[in-house]
Amino acid sequence: VQEDPAFLLRVTSRLAELAHRFGDHALSSEHYQRALHQDPDNPDLLRRYGFLLLDLSENLADPVQRQEVLTEAEKVFSDAIKISQDDVEVYYGYG
(Lines give C-alpha, C1' and ligand atoms only; values in the text may rest on other atoms or scores of the structure.)
Protein backbone atom coordinates (compact mmCIF):
# COMPACT_ATOMS: atom_id res chain seq x y z
CA VAL A 1 0.00 0.00 0.00
CA GLN A 2 1.41 3.33 -1.05
CA GLU A 3 1.17 6.23 1.38
CA ASP A 4 -0.37 9.49 0.24
CA PRO A 5 1.98 12.24 1.54
CA ALA A 6 -0.65 14.98 1.18
CA PHE A 7 -3.17 12.95 3.19
CA LEU A 8 -0.59 12.15 5.88
CA LEU A 9 0.31 15.84 6.09
CA ARG A 10 -3.34 16.83 6.55
CA VAL A 11 -3.87 14.20 9.24
CA THR A 12 -0.68 15.12 11.10
CA SER A 13 -1.54 18.81 10.91
CA ARG A 14 -5.06 18.19 12.18
CA LEU A 15 -3.77 16.05 15.06
CA ALA A 16 -1.41 18.89 16.01
CA GLU A 17 -4.25 21.38 15.97
CA LEU A 18 -6.55 19.17 18.05
CA ALA A 19 -3.87 18.42 20.62
CA HIS A 20 -3.22 22.17 20.91
CA ARG A 21 -6.92 22.89 21.42
CA PHE A 22 -7.11 20.27 24.16
CA GLY A 23 -4.03 21.69 25.89
CA ASP A 24 -1.61 18.85 25.16
CA HIS A 25 1.26 21.08 24.08
CA ALA A 26 3.86 18.30 24.01
CA LEU A 27 1.77 16.12 21.69
CA SER A 28 0.84 19.10 19.56
CA SER A 29 4.49 20.10 19.22
CA GLU A 30 5.42 16.58 18.20
CA HIS A 31 2.76 16.54 15.46
CA TYR A 32 3.67 20.03 14.21
CA GLN A 33 7.33 19.07 14.01
CA ARG A 34 6.42 15.93 12.08
CA ALA A 35 4.21 17.92 9.70
CA LEU A 36 6.90 20.58 9.21
CA HIS A 37 9.41 17.83 8.46
CA GLN A 38 7.10 16.81 5.59
CA ASP A 39 6.41 20.38 4.45
CA PRO A 40 8.95 22.83 5.98
CA ASP A 41 7.86 25.78 3.84
CA ASN A 42 4.19 25.66 4.75
CA PRO A 43 3.40 29.12 6.18
CA ASP A 44 0.14 27.97 7.78
CA LEU A 45 1.92 25.19 9.68
CA LEU A 46 4.69 27.56 10.71
CA ARG A 47 2.19 30.13 11.95
CA ARG A 48 0.19 27.61 13.97
CA TYR A 49 3.35 26.04 15.40
CA GLY A 50 4.59 29.51 16.37
CA PHE A 51 1.38 30.22 18.29
CA LEU A 52 1.67 26.84 20.00
CA LEU A 53 5.18 27.78 21.12
CA LEU A 54 3.89 31.10 22.48
CA ASP A 55 1.19 29.26 24.44
CA LEU A 56 3.76 26.76 25.68
CA SER A 57 6.09 29.52 26.86
CA GLU A 58 3.34 31.01 29.04
CA ASN A 59 3.17 27.79 31.06
CA LEU A 60 6.89 27.48 31.76
CA ALA A 61 8.11 28.54 35.18
CA ASP A 62 11.80 28.20 34.31
CA PRO A 63 12.91 31.49 32.71
CA VAL A 64 15.70 29.79 30.75
CA GLN A 65 13.31 27.27 29.21
CA ARG A 66 10.78 30.01 28.56
CA GLN A 67 13.40 32.08 26.70
CA GLU A 68 14.44 29.05 24.62
CA VAL A 69 10.84 28.43 23.57
CA LEU A 70 10.30 32.13 22.78
CA THR A 71 13.49 32.15 20.70
CA GLU A 72 12.22 29.13 18.77
CA ALA A 73 8.84 30.85 18.25
CA GLU A 74 10.61 33.94 16.93
CA LYS A 75 12.54 31.79 14.43
CA VAL A 76 9.38 29.98 13.34
CA PHE A 77 7.49 33.25 12.78
CA SER A 78 10.50 34.70 10.96
CA ASP A 79 10.58 31.69 8.64
CA ALA A 80 6.85 32.09 7.99
CA ILE A 81 7.29 35.79 7.15
CA LYS A 82 9.99 34.93 4.61
CA ILE A 83 7.55 32.62 2.86
CA SER A 84 4.32 34.60 3.18
CA GLN A 85 4.68 38.33 3.71
CA ASP A 86 0.93 39.01 3.57
CA ASP A 87 -0.20 36.97 6.60
CA VAL A 88 -1.05 39.52 9.29
CA GLU A 89 -1.31 36.85 12.00
CA VAL A 90 2.34 35.89 11.45
CA TYR A 91 3.41 39.47 12.09
CA TYR A 92 1.19 39.54 15.19
CA GLY A 93 2.89 36.41 16.53
CA TYR A 94 6.33 37.72 15.64
CA GLY A 95 5.68 40.98 17.46
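This text follows the structure it describes.
Conventions used here
- Residues numbered from 1 in each chain as written.
- Predicted model: local features only at pLDDT ≥ 70, side-chain atom pairs only at ≥ 80, totals over all residues.
- Heavy atoms only, no water.
- Helix = DSSP H or I, 4+ residues; strand = E, 2+ residues; numbered from the N terminus.
- Buried < 20%, exposed > 50% of the residue type's maximum accessible area, 1.4 Å probe, protein only.
- Contact = heavy atoms within 4.5 Å.
- Phe/Tyr/Trp six-rings, centres within 6.5 Å; stacked < 30°, edge-to-face > 60°.

Caption draft 1: Structural detail: the environment of Ala73. For Ala73, the location among the structural elements is in helix 4 (residues 63-83). With relative accessibility at 1%, the residue Ala73 sits in the buried group. In sequence terms Ala73 and Ser57 are 16 residues apart; their C-alpha atoms lie 9.1 Å from each other. Excluding residues within four positions of it along the chain, Ala73 makes contact with Gly50, Leu53 and Leu54.

Caption draft 2: Focus on the packing of aromatic side chains. Summed over all chains, the structure comprises three aromatic pairs. Their ring planes at 75 degrees and their centres at 5.1 Å tell us that Phe51 and Phe77 sit as a pair that is edge-to-face. Here the residue Phe51 occupies a position in helix 3 (residues 43-58), and Phe77 occupies one in helix 4, the gap between them amounting to 26 residues. Taken individually, Phe51 and Phe77 each receive the classification buried, so the pair is uniform in this respect. Grouping aromatic residues by their ring pairs yields a cluster made of Phe51, Phe77 and Tyr92.

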